[in-house]
Amino acid sequence: MSSSAIQPSTVDVVIVGAGFSGLYLLHRFEKEGFSARCFERGDGVGGTWYWNRYPGARCDVESMQYSYGFNEDLQQEWHWPEKFSAQADILAYANHVADRFDLRKYITLETEVRASHYDEAARVWHVETDKGEKVTCKYFIMAGGCISTAQVPKFEGLADYKGEKYHTGNWPHEPVSFKGKRVAVIGTGSTGIQAIPVIAEEAAHLAVFQRQANYSIPARNMPMTEDYATSWKDGYAEKRAEMRYQPNGMLREVNDVSALDVSEEKRQRIYEQRWKEGTGAFLGAFNDILTNKAANDTMAEFVRNKIRSIVKDPVTAEILCPKTHPIGTKRICIDSGYYQTFNRENVELVDISQKPIERLTEKGLVANGREFEFDAIVFATGFDAMTGTLFNVDIRGRDGLALKKKWEAGPRTYLGLMTESFPNMFIITGPGSPSVKGNMINTIEQHVDMVTDTMIHMRKQGLDLIEPALKAEDEWVDHVQEVAYKTLFPQANSWYMGANIPGKPRLFMPYIAGVGSYRRTCEDVVAENYRGFRFEAKRQDMAAE
Ligand code: NAP
């Protein structure tokens, strides 16, 4: 619960979102003496892990790595029950962090920031919430996450459907029972693939509506062993230091060899071995899977053959075999028994690749000319990623310029952290940052440290305003695209490209040169006197304030 004490209406910083970014920002600001308030639309902390409590929700980064590294005691004392954590365990961890560092007093729950307008004359941001509260701050930080605006496609007849409706990213807090029910799941991305096997076990009948098939790798999750946890905890600080400079912000074994430089037999042996190990290791089987289509094809075909060997009905197996994009160019899914689920009597796969769902009806939906009736429909249809949450706030910078207007042809940032014309506004894991292309918590810590250290620098130097130069921003936007187009990523209609939202500009949003190289670039930027940023000193007329 947030503090009931009267909260100040003027602070150094306002933060939107009490997920992993918001919590660490608050911790650093408290230590460094910046006053802060944080607004969170949920009635608890944890962000993504607060909202995504659908059946089977689990992280695809190992627990020992998907956790904060900023405090040695925290990482030594916390116990993760499983190798890959379930949503409830990650949420418990977020709550533990909020309590352990006494951060709740800064957080106003169940409150959305509606607008934030920059006042150029006073050099402050005026923030307004949906409860009508107004707060003035020098720094405004959007920390609302990359995949936090759930999207239900605008199906014809959506409002007509009278049965139960759920979106995985907005799951009820009360238990949901599918026992004895006819259930539909629409969507087979990372989320659908986790939820489907769990729902199938409970429902009387499950129909899965698949538009494009996806590649999924077995998670091979297991209970955490004392030995494994200790192998991390001994020398955790050194391991974290190494992780920070890895391409994905995590430690995993990458085989630095082309898939085309080994014999067919050896290639299959390596894939087989990595398939047995499960998830994280799989894409690291060779070094050119994401840059060379011929190399990629060998891995894609290996996975398709696995699907054909698991799924008994050959027609269903073929529909489940992904053919629309190279493997890894959409987030690779991890699963626990996903393909096996289609061998169950009560599960049906509905291929909607050729014709979209026609409409929803009072009792279900119509697809492929057939009428389906359901007691519950689960939308696992993803998010208006990376920009949706930023656009939910009416953000206006210099001269009243709306962020939505500035980014109408696609997001524009410098380092994914700031955008020109919006002074003193930071974005944590914004478009143009490595964000979703690595271990999120690692990248979050890097961003938070850089932002906080920049604010400390400004305080020491008597600087009042920071803003990226337009030239630096333009160059960064071009660089992000250039790096992406050297890979196979743009060949997929993915949410990375904005392709999942009709009408959204197509542009590769995350920065994929690697977490480690991004960190080095940021270090160079700072060392070169904040190359690409411009500062303004405190104005004389404000000096007395
Ligand atoms: P997603 O990857 O965008 O998948 C959405 C699914 O809904 C796709 O199968 C998509 O089909 C389908 N869909 C969308 N609109 C549709 C329509 N109008 N008709 C029929 N089908 C439609 O979303 P997500 O699965 O929620 O995953 C989003 C991201 O969250 C992941 O990529 C990952 O980064 C993260 N995530 C991570 C984990 C983890 O750590 N394990 C778990 C879950 C999610 P198409 O493919 O044809 O567009």
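Residues numbered from 1 in each chain as written. Predicted model: local features only at pLDDT ≥ 70, side-chain atom pairs only at ≥ 80, totals over all residues. Heavy atoms only, no water.

**Concerning the site of the ligand**
By nearness alone, 24 residues border the ligand, and R58, T188, T191, R211 and Q212 come closest of all. Interatomic distance of 2.9 Å between a side-chain N/O atom of Q212 and an oxygen atom of the ligand. Measuring from an oxygen atom of the ligand, one finds a side-chain N or O atom of W495 at 2.9 Å. A breakdown of the residues in the shell around the ligand according to their chemical character gives 10 nonpolar, 9 polar and 5 charged. Split by domain, the residues of the shell around the ligand number at least three in each of domain 1 (10-149 + 385-470) and domain 2 (158-379). (Near = heavy atom within 4 Å. Polar contact = N/O pair within 3.5 Å; in protein donor to acceptor, adjacent residues only side chain to side chain. Nonpolar A, V, L, I, M, F, W, Y, C, P; charged D, E, K, R; others polar. Domains from an automatic or database assignment.)

**Focus: the packing of helix α14 (residues 440-461) against helix α16 (residues 515-527)**
Axis separation between α14 and α16 bottoms out at 11 Å; the angle between their running directions is 5°. Accordingly, the angle class assigned to the pair α14 and α16 is roughly parallel. Only V515, Y518, R519, C522 and V526 of α16 make contact with α14, whose side of the interface consists of N442, T443, Q446, H447 and M450. When its residues are assigned to classes, the contact of α14 with α16 shows 5 nonpolar, 4 polar and 1 charged. (Axes fitted to C-alpha atoms, helices over the stretch in contact; angles between N-to-C directions. Helix = DSSP H or I, 4+ residues; strand = E, 2+ residues; numbered from the N terminus. Parallel < 35°, antiparallel > 145°, perpendicular 65-115°, else oblique. Contact = heavy atoms within 4.5 Å.)

**Details of the packing of aromatic side chains**
Under the definition given, this model contains 44 aromatic pairs. Arranged with centres 5.3 Å apart and planes meeting at 55°, the rings of F20 and Y68 form a pair that is tilted. With F20 in helix α1 (residues 20-32) and Y68 in the loop between α2 (48-51) and α3 (72-77), this pair connects stretches of sequence that are 48 residues apart. Per residue, the accessibility class of F20 equals that of Y68, and both read buried. In this structure an aromatic cluster arises from ring pairing among F20, Y24, W49, Y66, Y68, F70, W78, W80, Y93 and F101. The ring centre of W51 lies 4.2 Å from the NZ or CZ of R41, which sits over that ring. The ring centre of Y228 lies 5.6 Å from the NZ or CZ of K83, which sits over that ring. (Phe/Tyr/Trp six-rings, centres within 6.5 Å; stacked < 30°, edge-to-face > 60°. Buried < 20%, exposed > 50% of the residue type's maximum accessible area, 1.4 Å probe, protein only. Lys NZ or Arg CZ within 6 Å of the ring centre and 35° of its normal.)

**Structural notes on the domain arrangement of the chain**
Looking at the assigned domains, one finds that the chain contains domain 1 (10-149 + 385-470) and domain 2 (158-379). Taking only C-alpha atoms into account, the centre of domain 1 sits 29 Å from that of domain 2. Taking both sides of the interface into account, the surface hidden between domain 1 and domain 2 amounts to around 3200 Å²; carbon and sulfur atoms contribute 49%. Of all residues in domain 1, Y54, M64 and Q65 bury the most surface against domain 2, accounting for 22% of the area lost on that side. Connecting domain 1 to domain 2 are 1 salt bridge. (Buried area = accessible area lost by both parts, 1.4 Å probe. Salt bridge = Lys/Arg side-chain N within 4 Å of Asp/Glu carboxyl O.)

**Concerning the packing of helix α8 (residues 264-277) against helix α9 (residues 293-310)**
Helix packing geometry: the angle between the two helix axes and the distance between the axes. α9 packs onto α8 with a crossing angle of 60° between their chain directions and a minimal axis gap of 11 Å. As far as their axial angle goes, α9 and α8 are oblique. Helix-helix and strand crossings are classified by hand; for α8 and α9 the assignment is right-handed. On the side of α8, the interface is formed by R267, Q268, Y271, E272 and W275, while α9 contributes A295, T298, M299, F302, V303, K306 and I310. Split by residue class, the contact of α8 with α9 holds 7 nonpolar, 2 polar and 3 charged. (Left-handed = near helix turned anticlockwise from the far one by under 90°.)

**Focus: helix α7 (residues 236-243)**
Within the sequence span of α7, burial applies to Y236, R240 and M243. Looking straight down α7, one finds that the buried residues subtend no more than 60° of arc, so they occupy a single side. On its buried face, α7 sits against α3, α6 (226-233) and α14. (Arc of directions from axis to C-beta.)

**Some remarks on the pairing of strand β14 (residues 364-367)**
Two elements, strand β13 (residues 359-360) and β14, share 2 bridges in a ladder whose sense is antiparallel. The residue of β14 that forms the bridge with R359 is V366. Relative to strand β15 (residues 370-373), β14 runs antiparallel, the two sharing 4 bridges. Paired with L365 across the bridge in β15 is F372. Hairpin connection, β14 to β15: the antiparallel pair is bridged by 2 residues, and N368 has positive phi, about 50°. (Pairing = 2+ DSSP bridges.)

**Here we look at unusual backbone geometry**
We note that R123 has phi near 55°; this positive angle belongs to a residue other than glycine. Judged by relative accessible area, which is 5%, R123 ranks as buried. Despite not being glycine, M386 shows a phi value in the positive range, around 70°. For M386, the location among the structural elements is in the loop between β16 (376-379) and α12 (388-391).

**What about the sheet that holds β13?**
Read from one edge to the other, the open sheet built from 3 strands follows the order β13-β14-β15, with strand pairing classed as antiparallel. The sheet terminates laterally at β13 and β15, the two strands that pair on one side only.

**Things to note about the state of the cysteines**
By definition, a disulfide links the sulfur atoms of two cysteine residues through a covalent bond. A full pass over the atoms with the stated rule returns 0 disulfides. Looking at the unpaired C321, the closest cysteine sulfur is the one in C333, lying at 14 Å. A disulfide-free cysteine, C333 has its sulfur positioned 14 Å from the sulfur of C59, the nearest such atom. (Disulfide = S-S within 2.5 Å.)

**A few points about the side chain of T454**
When you line up the elements, T454 lands in helix α14. Relative accessible area serves as the criterion here: at 3%, T454 is assigned to the buried category. If we ignore the near neighbours within four places in the chain, the residues touching T454 are I466, Y530 and F535.

**Focus: the environment of G46**
By the element assignment, G46 lies in the loop between β2 (36-39) and α2. Assessed through its relative accessible area of 1%, G46 is described here as buried. On a C-alpha basis, the gap between G46 and Y93 in space is 8.6 Å, while along the polypeptide they are 47 residues apart. If sequence neighbours within four positions are ignored, G46 has contacts with A18, G19, F20, L91 and A94.

**Here we look at the sheet that holds strand β7 (residues 164-167)**
Reading across the sheet, the 5 strands line up as β7-β16-β8-β9-β12 and stay open at both edges, with parallel pairing between neighbours. Each of the sheet's edge strands pairs with one partner strand only, and the pair in question is β7 and β12 (347-351). Within the sheet, the average angular offset between the axes of one strand and its neighbour, ignoring direction, is 20°. Its contacts with the sheet put helix α5 (residues 190-202) on β8 (182-186), β9 (205-210), β12 and β16, and the angle it makes with β9 is roughly 160°.

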